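So the chains spell out like this:
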Amino acid sequence: MHCTSFVHAQNKGMLPRSLSVLVIDENTVRAAIIEAGLREAGHERVTVVHDVNGIAQRIAAIEPDVIVIDLENPNRDMLENMFSLSRAVKRPIAMFVDQSDQSAIEAAVDAGVSAYVVDGLRQERVKPIVDMAISRFNAYSRMARELEEAKSALENRKLVDRAKGILMRSKGISEEEAYALLRRTAMNQNRKISEIAQSLILASGLLDE
Amino acid sequence: MADHHITAGFLPLMDSAILVIAREKGFAAQEGIALSLVRETSWASIRDRIAVGHFDVAHMLAPMPIAANLGLTPMRLELVAPLALGLGGNAVSVSNALWRAMEEAGATGPEAPAAVGAALRRVIGKRRSEGAERLRFGVVHPHSGHNFELCYWLAACGIQPGRDVEIAIVPPPLTADAIAAGRIDGFCVGEPWNSVAVAAGHARIATVKAAIWKSSPEKVLGVRAEWAQAHEDTLARLLRALYRAAEWCGEAENRGELAAILSGAAYLDLPARHVLGALEGRLETGGSIHRVDDFFLPVQKAATFPWQSHALWFYSQMVRWRQVAHSAENAERARRTFRPDIYRAALGPLGVTLPSANMKVEGALTGPTPVGSASGRLILGPDGFFDGAVFDPAELDAYIAAQSRSHSVA
């Protein structure tokens, strides 16, 4: 079986079998999004690995044609070294789609994707996979950012409400006056209103102790 | 006020100090530079992000730009190293169990690499006769001072890397975990990661870079060659700022503040006590505190000068461990990666004491020695290898030939 696949990879005249794709990502949600994208695009041989311990054996078993790794994965130096040792992967791996394709490399790095490709694979077979990974990484980042923004907007509103309450109680002023005071202070100090609210909550907490 | 914006990548290591201080103590701002620092998680990421222009310059393992220029990296990338970010700063640590075995076999302290290495060889021999598994040591990158000094030390002690000891790649912040989990038996890594593993009770410091090769190179400022060419003035300003920062780091009275700054959340994000000992050259090795001379030199002894002899030594080790084939052309490419010309042009106006040569014989100075310099007094050395070998860059071919002979005998 192993021999057959090797001959396939070598013999470009034959009908190409589908590529084996390995996704290494500690972020399980993002990995699932990429895997789904690849499967929707018709790639059946997709393997996802979250933990790099014992990865050499996994790679030897899977024999991936394309490996996609989160750029920020702290184990990339280890993984790259492993790819460059032909013993571990059996076949040499050339990293990134094509050394001459600078724009593809830029798009990948911008998105936070690093891709490794078995040497000798034709670029048109690999590019859609890498492009898919890039677009899914970008989509995930956008989603995570929006979620973060929504969360912090909510947090900020809670902070401002609490600070208003403190001012209303201690100064005996209305809610509108309390808000105006916070806003004025923020403008004078060139800071965000939520920061002023946070300082006030902290200070009032200290005074209460 | 700042006319020049520079973004630099760095890894959380003690020797990012010069970059961090250039920003935090205003040396960059004084040169009109707004310096942004971005912490990264791997050298691969530093390489990728400098290649696509996210970073203009970066904290780099000294052999990294050489490897890039020799085409050993996965992407086409031409780099120059116009300044070194200090000398020394690494140590070799081993698991508590391995240290106990080594101690029984005669290992003493970190200042005696020959005795520690001989003990390790005896332990390896005993393990082999018992049919035990091969020991595994971690280094941070194949193209690193760590890999080369560890392998140099092992080989000089009669231990053949690969055959007698497996060498694995482990990212610095994960070394303590890896040794605690038994995935590795030892590692060579930059500070503070030895101290962190020792403090957690997982490891003992067996020896140090400063004992294997005194006053030896470690990190450099790596700069994209294209960027260096197009931004000559900005780069010169940055080098001046970094030199001033290195001087600040070299003042003994600043060490407490330096440790406090480095330990901050944006940088190493660790308690300052893990950083301070190494800065002072007082290492907690696990059991006792050892005073190590010149453990980390940020500025003294021309510590920021990009010696081309250092580049050639790294190249000789790349050849030795079969990362690249030796040719006159490759050697020349390696040598020219380090750029003392850029260093001199930038720092000349500061009246800094500059060495008059670009190369020196490594291992020639047995003690601190005044040497030829463009102005003032420059003290270099000691710069010897622990086994007494000498690297004369003018005799590169002979050095490389002798290395491969020593392997075929082993």
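The residue count restarts for each chain, going from 1 along the sequence in the order it is written. Here the convention is simple: chains get letters from A, ligands get numbers from 1, in the order in which they are written. In keeping with the model being predicted, local features are shown solely for residues with a pLDDT of at least 70 and side-chain atom pairs are shown and tallied solely at 80 or more, while totals for entire chains, interfaces and linings include all residues.

1. Let's talk about the overall build of chain B
Across its full length, chain B holds 18 helices and 16 strands. Only the C-alpha atoms count toward the radius of gyration. The rule for a globule is 2.2 Å times the residue count to the power 0.38. Computed over its C-alpha atoms, the radius of gyration of chain B comes to 20 Å, within 12% of the 22 Å expected for a compact globule of 410 residues. With the principal axes as the frame, chain B shows a C-alpha extent of 65 × 45 × 40 Å. Remark: C-beta atoms are placed from the backbone, and a residue is labelled buried if 20 or more other C-beta atoms sit within 10 Å of its own, exposed if 12 or fewer do, or partly exposed between those counts. Here chain B, with 410 residues, has 56% of them falling under the buried criterion. Here the contact rule is simple: place C-beta atoms from the backbone, and any two residues whose C-beta atoms are within 7 Å are in contact. Summarising the internal contacts of chain B: among those between residues at least 6 apart in sequence, 74% fall at separations of at least 24. Strands are runs of DSSP state E lasting at least 2 residues, helices are runs of H or I lasting at least 4, and numbering of each runs from the N terminus.

2. Thoughts on the sheet that holds strand β6 (residues 90–95) of chain B
All names here are of chain B. The criterion for strand pairing is that DSSP finds at least two bridges linking the strands in question. Taking strand neighbours across the sheet as the criterion, the five strands line up as β8-β7-β9-β6-β10 in an open arrangement whose pairing is mixed. Sheet topology places β8 (165–169) and β10 (203–208) at the edges, where each strand pairs with a single neighbour. Taking each pair of neighbouring strands and ignoring which way they run, the sheet shows an average axis angle of 25°. Bridge count for strand β7 (residues 135–139) against β8 is five bridges, and the pairing is parallel. Across the sheet, residue Gly138 finds its bridge partner in β8, namely Ala168. Interaxial angle, 0 to 180 degrees, is taken between N-to-C directions of lines fitted to C-alpha atoms, where a helix line uses only the stretch in contact.

3. So, helix α7 (residues 123–171) of chain A
In this analysis, the expected span of each helix is defined as 1.5 Å times one less than the number of residues it contains. Counted at 1.5 Å a residue, the expected span for α7 of chain A with its 49 residues is 72 Å, and the 70 Å between its end C-alpha atoms agrees. Following α7 of chain A by one or two positions, Gly172 of chain A adopts a phi angle in the positive range, close to 65°.

4. Details of the packing of helix α6 (residues 102–111) of chain A against α7 of chain A
Residue and element names in this part refer to chain A. Interhelical geometry of α6 versus α7 gives an angle of 30° and a closest axis separation of 9 Å. The handedness of the crossing between α6 and α7 comes out as left-handed. Between α6 and α7, the contacting residues are Ala104, Ala107, Ala108 and Ala111 on the first element and Val130, Ile134, Phe137 and Asn138 on the second. Left-handed describes a crossing whose near helix is turned anticlockwise from the far helix by less than a right angle; the clockwise case is right-handed.

5. Digging into the domain arrangement of chain B
Residues and elements named next belong to chain B. An automatic or database domain assignment is the source of the domain bounds shown. If you check the domain split of chain B, you get domain 1 (4–87 + 217–280 + 295–345), domain 2 (90–212) and domain 3 (354–409). Of note, the centres of domain 1 and domain 3, computed from C-alpha atoms alone, are 22 Å apart. The interface is formed by 15 residues belonging to domain 1 together with 15 residues belonging to domain 3. If you tally residues by element for the side of domain 1 that touches domain 3, the top one is helix α15 (residues 308–320), at seven residues. Side-chain classes are defined by residue name, with Ala, Val, Leu, Ile, Met, Phe, Trp, Tyr, Cys and Pro counting as nonpolar, Asp, Glu, Lys and Arg as charged, and the others, Gly among them, as polar. In terms of residue class, the side of domain 1 that touches domain 3 is built from eight nonpolar, four polar and three charged.

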